[in-house]
There are 6 protein chains.
Amino acid sequence: MNERYERGIGMLNQITGRSGESVVKALADYAPALACMVVEFPYGDVFSRPQLSLKQRELSTVAVLAAAGNARDQLKVHIHGAFNVGLTREEIMETIIHTAVFAGFPAAINGIFAMKEVEEERTEPTLRA
Amino acid sequence: MNERYERGIGMLNQITGRSGESVVKALADYAPALACMVVEFPYGDVFSRPQLSLKQRELSTVAVLAAAGNARDQLKVHIHGAFNVGLTREEIMETIIHTAVFAGFPAAINGIFAMKEVEEERTEPTLRA
Amino acid sequence: MNERYERGIGMLNQITGRSGESVVKALADYAPALACMVVEFPYGDVFSRPQLSLKQRELSTVAVLAAAGNARDQLKVHIHGAFNVGLTREEIMETIIHTAVFAGFPAAINGIFAMKEVEEERTEPTLRA
Amino acid sequence: MNERYERGIGMLNQITGRSGESVVKALADYAPALACMVVEFPYGDVFSRPQLSLKQRELSTVAVLAAAGNARDQLKVHIHGAFNVGLTREEIMETIIHTAVFAGFPAAINGIFAMKEVEEERTEPTLRA
Amino acid sequence: MNERYERGIGMLNQITGRSGESVVKALADYAPALACMVVEFPYGDVFSRPQLSLKQRELSTVAVLAAAGNARDQLKVHIHGAFNVGLTREEIMETIIHTAVFAGFPAAINGIFAMKEVEEERTEPTLRA
Amino acid sequence: MNERYERGIGMLNQITGRSGESVVKALADYAPALACMVVEFPYGDVFSRPQLSLKQRELSTVAVLAAAGNARDQLKVHIHGAFNVGLTREEIMETIIHTAVFAGFPAAINGIFAMKEVEEERTEPTLRA
């Protein structure tokens, strides 16, 4: 347990809450090296840098993942994250709509349906959130 | 000249300054229908919605274009835009670095070199800015 | 209800029939702004321009979505659309096969399996079409 | 010189004219196996199938390559090809504009600038066409 | 049944075993032309060339498909293939982890979860393998 | 200068030689945080893991970057790297040709032309290598 890992796990929990922690746990059982890297590099090294607020980082992350359109699970984790760090429902939705300009309508539409699922999960605490 | 176009051209100038305006002009001579759509839909309809600040929109845009890695000219226009709407040098650079997590290091490195070119252009007003 | 929206909803119905209309309705309940944009810009502004026939537009759309490989639902909607505007089964299948050259075999294979699902849906009217 | 190769080289010349032939020649000197495959599979096997007209194939190809945004040279070869098989300037331009809906505005804008270069080349026969 | 097809079907069986054969069969019923091309070009022409070992080809294929992140079924077929041609569990897992550098963490994480499913399938012979 | 950085810089030099070192230097002057991350994570953490040989890592890297088609400079650095760690000309060329199956012909063709440039650079030591 090095310093990067400890800082990373704290950041991961703060941002993604239970949804990200469960991904890392599922990963840790099967591919512990990658689970370790995920905690240390993205969360321990990058997200914990002070140059951007967590709101700015989650806004960017949701935009990038919605635009890419090939990582739906991670998009959902970071829409949860966007809510968790204090972005409003309106800001998150608009960030996804904004991607229609740069990545086309299918990306934006699929991103919005992912967000709808996230919001349903957040109102059903026994199920998943 | 409808209302969407007028709102769009104002927004385009505010965000991209001379760099975006010159793209639209080059487009207008050759493909006026697309030039018109670019002004009306992205800038007249989307960027002018109040749900996100222009700083948030440019942050997202730079992230999406850096991550995609296949639209270098547009990335440069929106790095200019990010400066123009008041994001700091540190915020823009960090937004590009952040994409390494989600889109890999080549995207982040190429995004940073595009930003370096933009900064050089901004100090040479007679050349391009 | 502006002119662009009315023209768009007519075009959407003509092309996608029930499959596209149900997507827009699902969207309208949750993200009305995006639902509105989808009708107005793609269908009201672009698809309704006379420079290409609807057959040419749906052929291009199926090719683009099959090649991209990250928007399966939209691909299915537009394979329905391709049938609806009068493209033959042979033309649609060949358009998907053609993408193997430019986007690789996985894209073409997954596109063909999406088309197979669409054809099954079209023979079961009570289920989904 | 097998049958697939002969059929392919004929098709390649018909579609891409000198622009495609010169790519294959440049390839043949350095990587003859790939040059051979390019002639045999895309042109000998796929483009020569009768299920789509060459106009339909070039329309789809231009759409796919413009949308992908990462193969500018091939996009230009196939915009030449689209002209060569008889698509009108209006149809080609509109096919590129159409991709804005599905792949975003940067793809469409860059595709249009590629088309502009192609049209300039076609009026300068001594240079390249 | 030409020479390319026969060589291809042998190679396909050797690499993908039952998982690839069943994809080709499903394809052959619906789109026989594509099923034929899949056997002839990728397996008959490319995989059977002697310049790379099958271990090197499956290593590259797993890397490319994990990085692309938009062809999960084909990724799984080729993780099976990587095992079938003799790559170790450690080599396959590391190849997927390696993609985090070039394609970002979501690609690597989703690739690892695909590999986990493959390993579960390989221990349940009655189910799928 | 921590342990990860030192291990990373040694690995970077071993793999990419002067071509990678010069990229990191250009980066270090402008964006030192990213230059540091590039050395520490890809090279210090990932490439230095023993689960794959450097030949296997460079083979995978060339395949991924050729298939992606949007990071030409990095592809060239890693084609140099592939030569530097002992892959043969024939293996590297075939790895790029192999991507035609999974990512389409434009990716393979552009990858081969990038390799041609690399080989020209390697015979002109005063110029760049």
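Residues numbered from 1 in each chain as written. Chains lettered and ligands numbered in written order. Predicted model: local features only at pLDDT ≥ 70, side-chain atom pairs only at ≥ 80, totals over all residues.

(A) Representation of the overall build of chain A within the structure. Broken down by element type, chain A carries six helices and zero strands. Counting from the amino terminus, helix and strand elements in chain A follow one another as α-α-α-α-α-α. Scaling as 2.2 N^0.38, a compact globule of 129 residues should have a C-alpha radius of gyration of about 14 Å, and chain A matches this with 15 Å. Overall, the C-alpha framework of chain A stretches about 45 × 35 × 25 Å when taken along its three principal axes. Looking at chain A residue by residue over its 129 residues, the buried ones come to 57%. (Helix = DSSP H or I, 4+ residues; strand = E, 2+ residues; numbered from the N terminus. Rg over C-alpha atoms; globule rule 2.2 N^0.38 Å. Buried ≥ 20, exposed ≤ 12 C-beta atoms within 10 Å, placed from the backbone.)

(B) Examining helix α1 (residues 3–30) of chain F more closely. The end-to-end C-alpha separation of α1 of chain F is 23 Å, well short of the 40 Å expected for 28 residues at 1.5 Å each. At Thr16 of chain F, α1 of chain F is deflected by roughly 125°, the largest bend along its length. When α1 of chain F is considered as a whole, its buried residues turn out to be Gly8, Met11, Leu12, Ile15, Thr16, Ser19, Gly20, Val24 and Leu27 of chain F. Buried residues along α1 of chain F sit against α6 (105–122) of chain B together with α2 (32–47), α3 (54–68) and α4 (72–84) of chain F. (Expected span 1.5 Å × (residues − 1). Bend = angle between axes of the 7 residues up to and from the residue. Contact = placed C-beta atoms within 7 Å.)

(C) Here's a closer look at the interface of chain C and chain D. On the side of chain D, 24 residues touch chain C, which itself brings 24 residues to the contact. Secondary structure elements with two or more residues in the side of chain C that touches chain D: α2 (32–47), α3 (54–68) and α5 (89–103) of chain C. A per-element tally of the side of chain C that touches chain D places α3 of chain C first, with 10 residues. Grouping the constituent residues of the side of chain C that touches chain D by class yields 12 nonpolar, seven polar and five charged. (Nonpolar A, V, L, I, M, F, W, Y, C, P; charged D, E, K, R; others polar.)

(D) Quick look at the nonpolar core. In terms of nonpolar packing, the biggest core is built from 263 residues, with Ala67 of chain C, Ala67 of chain D, Ala67 of chain E together with Ala67 of chain F touching the most fellow members. Those residues in contact with Ala67 of chain C that lie beyond four places of it in its chain are Thr99, Phe102, Ala103 and Ala107 of chain C together with Val64, Ala67 and Ala68 of chain D. (Core = buried A, V, L, I, M, F, W, Y, C linked by C-beta atoms within 7 Å.)

(E) The arrangement of the relation of the copies chain C and chain D in detail. The transformation that overlays chain C on chain D combines an axial shift of 0.0 Å with a rotation of 180°, and the residual RMSD is 0.0 Å. On the angle and the small slide along the axis, the relation comes out as a two-fold axis. A shared binding surface is used by both copies, with 100% of the interface residues of chain C retained as interface residues in chain D. (Least-squares fit on C-alpha atoms with pLDDT ≥ 70 in both.)

(F) Representation of the packing of helix α6 (residues 105–122) of chain A against α2 of chain C. Orientation of α6 of chain A relative to α2 of chain C, taken along the N-to-C sense of each, is 165°, at an axis distance of 11 Å. As far as their axial angle goes, α2 of chain C and α6 of chain A are roughly antiparallel. For α6 of chain A against α2 of chain C, the interelement crossing comes out left-handed. Residue-level contacts link Phe105, Ala108, Ile109 and Ile112 of chain A of α6 of chain A to Leu34, Val38 and Pro42 of chain C of α2 of chain C. Of the residues assigned to the contact of α6 of chain A with α2 of chain C, the class counts are seven nonpolar, no polar and no charged. (Axes fitted to C-alpha atoms, helices over the stretch in contact; angles between N-to-C directions. Parallel < 35°, antiparallel > 145°, perpendicular 65-115°, else oblique. Left-handed = near helix turned anticlockwise from the far one by under 90°.)

(G) Spatial organisation of the domain arrangement of chain A. Residues and elements named next belong to chain A. The assigned domain composition of chain A is domain 1 (1–50) and domain 2 (52–129). Put simply, the middle of domain 1 and the middle of domain 2, counted by C-alpha atoms, are 20 Å apart. Across the contact, eight residues belong to domain 1 and nine residues belong to domain 2. Broken down by element, the residue count for the side of domain 1 that touches domain 2 peaks at seven residues, all from helix α1 (residues 3–30). Residues that form the side of domain 1 that touches domain 2 fall into these classes: three nonpolar, four polar and one charged. (Domains from an automatic or database assignment.)

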